[in-house]
Amino acid sequence: MDEFTRWIVLTAFILCVLFMVVKTFFYKSVAEKEEKNSAVMKLTLQEAEILIRKHQLQLQRALGNIDILTDEISSLRNEVKVLKQRNSQYRVESEKYRSKIKDLEQKIEALL
């Protein structure tokens, strides 16, 4: 029975050691997979940051272009206002000249 007890203890010890070795390799493979996933995630995040910066620059350029276009629209509106004022002024002058022409025509007819 003494030998049988040793054999059971030795077998249990060997099984325990084998279990620990298998468990160690399992956790090592899990850790390696996690490292690979972490590296892939870092690359993905870096690419996302690059894309965000790129689109941020494009957005800033677009906003700058919008500011420029807004300024141009304002200046064009002012020019349109000025042209409308000139047009109305020219109409008034045109009416004035037409009335003078009619007066002069009437005077000429009166003289004839």
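In case you missed it, the structure is sitting above this.
Treat the numbers as computed from the prediction; the structure is a model and nothing was measured. Counting from 1, residues in each chain are numbered in the order their sequence is written. Two thresholds apply to this predicted model, a pLDDT of at least 70 for residue-level local features and 80 or more for giving and counting side-chain atom pairs, whereas whole-chain, interface and lining totals are computed over all residues. Side-chain numbers here rest on the full set of heavy atoms in the structure, without hydrogens or water.

1. Some details on a nonpolar patch on the surface
Next up, step 1: Like-charged residues within 9 Å of one another, or nonpolar side chains (Val, Leu, Ile, Met, Phe, Trp, Tyr) within 5 Å, are grouped into patches, provided each residue has over 30% relative accessible area and no salt bridge. Only the protein chains shown count as covering a residue, and every accessible area follows the Shrake-Rupley method with a 1.4 Å probe. One side-chain nitrogen of Lys or Arg within 4 Å of one carboxyl oxygen of Asp or Glu is enough to make a salt bridge. Together, Leu10, Phe13, Ile14, Leu15, Val17, Leu18, Val21 and Phe25 line one region of the surface with nonpolar side chains, adding up to about 770 Å² of accessible area.
Next up, step 2: Helix and strand labels come from DSSP, where a helix needs a run of H or I of at least four residues and a strand needs a run of E of at least two; each type is numbered from the N terminus. Of note, Phe25 is situated in helix 1 (residues 2–111).

2. Description of the packing of aromatic side chains
Next up, step 1: Two rings from Phe, Tyr or Trp (for Trp, the six-membered ring) form a pair when their centres sit within 6.5 Å of each other. Planes less than 30 degrees apart are called stacked, planes more than 60 degrees apart edge-to-face, and all others tilted. What the rule picks out here adds up to 2 aromatic pairs.
Next up, step 2: Between Phe4 and Trp7, the aromatic rings sit 6.3 Å apart at their centres with planes inclined by 20°, giving stacked as the arrangement. Taken together, the positions of Phe4 and Trp7, both in helix 1 and 3 residues apart, correspond to about one turn of that helix. With respect to burial, Phe4 and Trp7 carry one shared label: exposed.
Next up, step 3: When the centroid spacing of 5.4 Å and the interplanar angle of 65° are considered together, the rings of Phe26 and Tyr27 count as edge-to-face.
Next up, step 4: Under the relative-accessibility criterion, Phe26 is labelled partly exposed at 48%. Only protein chains enter the calculation, and the probe is 1.4 Å; a residue is then buried if its accessible area is under 20% of its type maximum, exposed if over 50%, and partly exposed in between.

3. Side note on the pattern of salt bridges
Next up, step 1: Scanning the model with the defined rule gives 2 salt bridges in all.
Next up, step 2: Linking Arg98 and Glu95 is a salt bridge whose minimum nitrogen-to-oxygen distance equals 3.1 Å. On the criterion of helical spacing, the pair formed by Arg98 and Glu95 is a turn pair, its members being 3 residues apart in helix 1.

That's the geometry; what it means functionally is another story.
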